[in-house]
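# Structural description and commentary
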Amino acid sequence: MRRRTLLAGITGAALITATPAHARSRQILHVRSGDSLQAAVDAVDGPGGTIVVHPGTYREVVDVPADKGELTIRGASRDPRAAVLVYDNANGTARPDGSGTYGTAGSATFTSAAPGLTVRDLTLANDWLRADHPEITGTQAVAAYVTGDRTHFENVRLLAHQDTLFADTTALDAFDRQYFHRCYIEGDVDFVFGRGRAVFDACRFHTLRRDVGFTPKGMVFAPATARANPYGFLALRGRITSGAEDAAYKIARPWVPSYETTAWPSLVVRDTWIGPGIDAVAPYTNMRDAYPWQTMRFREHANSGPGAAIPVPENRPQLTAEEAAGHTRRTYLGDWRPYGRP
């Protein structure tokens, strides 16, 4: 019940200062407590525009379609805790129309296929809890499912448990680029996953305490990079922290989806502080034995902290300095420079 308690506290504070419904001015829409963020997205007329989300908790599902390109959705406050978008669907949650369950992607609180999307200063959350639904076996519950080239998240909190952030592409043969800067992402199982070409710059990844009797209790990353894509996930200048006991988590395991068995997952973690919650002896594991992690593009470089120790070198493939020069924001993102100067 931890997540619901946290969000309810924010809601109560916001309702005291609720103001009238959003008003449009020069492609700027304001969303306030009692409004619908989805209604504001629907009201955007073509590409471009800005939606300003005022403090409050917005319990709804939001979908930004591909024709809303170059859209900015930002919190009115620079504190991302002030404006919270949250819902509680899971993979195994039944759709109300009786057409089956939502599935992993369909469980997302926030979905976007729009190119050039910017999201900043917000919290996106999925507060579905396994303990509340023991009858459901499809426990993936996504906070954000993002595709579309040039997606930029700045100072965003992403909260869930399993499959928090689905960083994907619009098609199997698309190499959509995503940039996450100063974001906080928490979860337990595979909570950053997908086939997107995604850079996580100065982000914090936090593994949750999990009341289970087995280890590993989860993994931070589960990339599913297409074989033809030279770059998958790059995490640099960040931190991996934990609310769990020492060595309870792995950095990653490769995801080779049944619908794309040629995938060749790619992950580079560099210049990152890794806390004791990560198993330093064996920081990677398999999702399926048919696709061993040792055959994937998993590498590290210049990491620090107790979880970055290298007691068994063969379990922690490292980039040389020359190789590391090819794994930067610029090489992953190309001519798109959301980070400003190189």
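Everything quoted here is computed from the prediction, not taken from an experiment.

So, how was this worked out
Residues numbered from 1 in each chain as written. Predicted model: local features only at pLDDT ≥ 70, side-chain atom pairs only at ≥ 80, totals over all residues. Heavy atoms only, no water. Helix = DSSP H or I, 4+ residues; strand = E, 2+ residues; numbered from the N terminus. Rg over C-alpha atoms; globule rule 2.2 N^0.38 Å. Buried < 20%, exposed > 50% of the residue type's maximum accessible area, 1.4 Å probe, protein only. Contact = heavy atoms within 4.5 Å. Areas by Shrake-Rupley, 256 points an atom, 1.4 Å probe, with all protein chains shown as cover. Lys, Arg positive; Asp, Glu negative; His and termini not counted. Charge placed at Lys NZ, Arg CZ, Asp CG, Glu CD. Pairing = 2+ DSSP bridges. Disulfide = S-S within 2.5 Å. Axes fitted to C-alpha atoms, helices over the stretch in contact; angles between N-to-C directions. Phe/Tyr/Trp six-rings, centres within 6.5 Å; stacked < 30°, edge-to-face > 60°. pLDDT = per-residue confidence, 0-100. Salt bridge = Lys/Arg side-chain N within 4 Å of Asp/Glu carboxyl O. Core = buried A, V, L, I, M, F, W, Y, C linked by side-chain atoms within 4.5 Å.

### Things to note about the overall build of the chain
Counting secondary structure elements, the chain contains five helices and 26 strands. Over its C-alpha trace the chain gives a radius of gyration of 19 Å, about what one expects of a compact globule, namely 20 Å for 342 residues. Expressed as a percentage of the 342 residues in the chain, the buried residues total 57%. Counting only contacts in the chain whose residues sit at least 6 apart along the sequence, the fraction spanning at least 24 positions is 69%. Accessible surface, the chain: about 13,800 Å² in total, of which carbon and sulfur atoms supply 53%. In the chain, which carries 38 positive and 36 negative side-chain charges, the distance between the mean positions of the two groups comes to 5 Å.

### Observations concerning the pairing of strand E4 (residues 56-59)
Along E4, the buried face is formed by Gly56 and Tyr58; none of Thr57 and Arg59, which line the opposite face, is buried. Across four bridges, E4 lies against strand E7 (residues 83-87) in parallel orientation. Residue pairing for E7: tyrosine 58 is matched across the bridge by leucine 85.

### Considering the environment of valine 156
By secondary structure assignment, the location of valine 156 is in the loop between strand E12 (151-154) and strand E13 (157-159). Residue classification places valine 156 among the buried residues on the basis of a relative accessible area of 1%. Note: C-alpha distance between valine 156 and valine 119 (37 residues apart in sequence) is 7.3 Å. Here valine 156 is in contact with Val119, Arg120, Asp121, Leu122, Leu124, Arg182, Cys183 and Tyr184, once residues within four sequence places are set aside.

### Structural notes on the state of the cysteines
Overall, the coordinates contain zero disulfides when judged by the stated rule. Left without a disulfide partner, cysteine 203 is nearest to the cysteine sulfur of cysteine 183, which lies 4.6 Å away.

### Description of the sheet that holds E4
The strand order E4-E7-E10-E13-E16-E19-E22-E25 describes an open sheet built from eight strands, whose pairing is parallel. Looking at the sheet topology across the chains shown, the edges are occupied by E4 and strand E25 (273-274). Here strand E10 (residues 123-126) pairs with E13 via three bridges, running parallel. When the bridges of E13 are listed, threonine 123 appears paired with arginine 157.

### Remarks on the sheet that holds strand E11 (residues 144-146)
Ordered in space as E5-E8-E11-E14-E17-E20-E23, the seven strands form an open sheet in which the pairing is parallel. Edge strands, defined here as strands with exactly one partner in the open sheet, are strand E5 (62-64) and strand E23 (249-252). With strand direction ignored, the average angle separating the axes of adjacent strands in the sheet is 15 degrees.

### Overview of unusual backbone geometry
Backbone torsion omega between threonine 215 and proline 216 reads -5 degrees, so that peptide bond is classified as cis. For proline 216, the location among the structural elements is in the loop between strand E19 (204-207) and strand E20 (218-223). Its identity as a non-glycine residue notwithstanding, asparagine 155 has a phi of 55 degrees, on the positive side. Here asparagine 155 is to be found in the loop between E12 and E13. Its identity is not glycine, yet alanine 247 carries a phi of approximately 65 degrees, on the positive side.

### Re the packing of aromatic side chains
Scanning all chains against the criterion turns up 17 aromatic pairs. Consider the rings of phenylalanine 166 and phenylalanine 193, whose centres lie 4.2 Å apart with planes at 20 degrees: the pair is stacked. Remark: phenylalanine 193 occurs in strand E17 (residues 192-194) and phenylalanine 166 occurs in strand E14 (residues 165-167); sequence separation between them is 27 residues. Of the two residues, phenylalanine 166 and phenylalanine 193, neither departs from the other in class, the shared state being buried. Centre to centre, the rings of tryptophan 255 and tyrosine 259 are 6.4 Å apart; their planes meet at 90 degrees, and the pair counts as edge-to-face. Accessibility expressed as a relative area gives 17% for tryptophan 255, which makes it buried. Clustering of aromatic rings is evident, with ring pairs tying together Phe110, Phe153, Phe180, Phe200, Phe205, Phe221 and Phe233.

### Remarks on the confidence of the model for the chain
When the pLDDT values of the chain are averaged, the result is 92; 92% of them are 70 or greater. Note on residues 1-25: pLDDT under 50 across the span, and 49 contacts to partners over four residues away in sequence or across chains.

### Re the pattern of salt bridges
All chains considered together, the criterion is met by 17 salt bridges. Between aspartate 335 and arginine 177 there is a salt bridge, with its nearest N and O atoms 3.1 Å apart. Here the residue aspartate 335 occupies a position in the segment after helix H5 (329-333), and arginine 177 occupies one in strand E15 (residues 177-181), the gap between them amounting to 158 residues. Among the ionic pairs, aspartate 201 bridges to arginine 237, the shortest N-O distance being 2.6 Å. Here aspartate 201, found in strand E18 (residues 197-201), pairs with arginine 237, found in the loop between strand E21 (233-236) and strand E22 (239-242); they are 36 residues apart in sequence, far enough to count as distant. Since its relative accessible area comes to 46%, arginine 237 is described here as partly exposed.

### Details of the nonpolar core
Membership of the largest hydrophobic core comes to 58 residues, with the highest contact counts inside it found for Ile51, Ile73, Phe110, Phe153, Phe200, Phe205 and Phe221. When near neighbours in sequence (up to four residues on either side) are disregarded, isoleucine 73 contacts Leu37, Val41, Ile51, Val53, Val64, Phe110, Leu117, Thr118, Val119, Arg120 and Leu122. Within the second largest apolar cluster, 12 residues are counted, among which are Leu234, Val268, Tyr332 and Tyr339.

### Notes on the side chain of threonine 207
Looking at the secondary structure, you find threonine 207 in strand E19. Residue classification places threonine 207 among the buried residues on the basis of a relative accessible area of 1%. Discounting chain neighbours no more than four positions away, the residues touching threonine 207 are Gly187, Phe191, Val220, Thr241, Ser242, Gly243, Ala244 and Tyr249.

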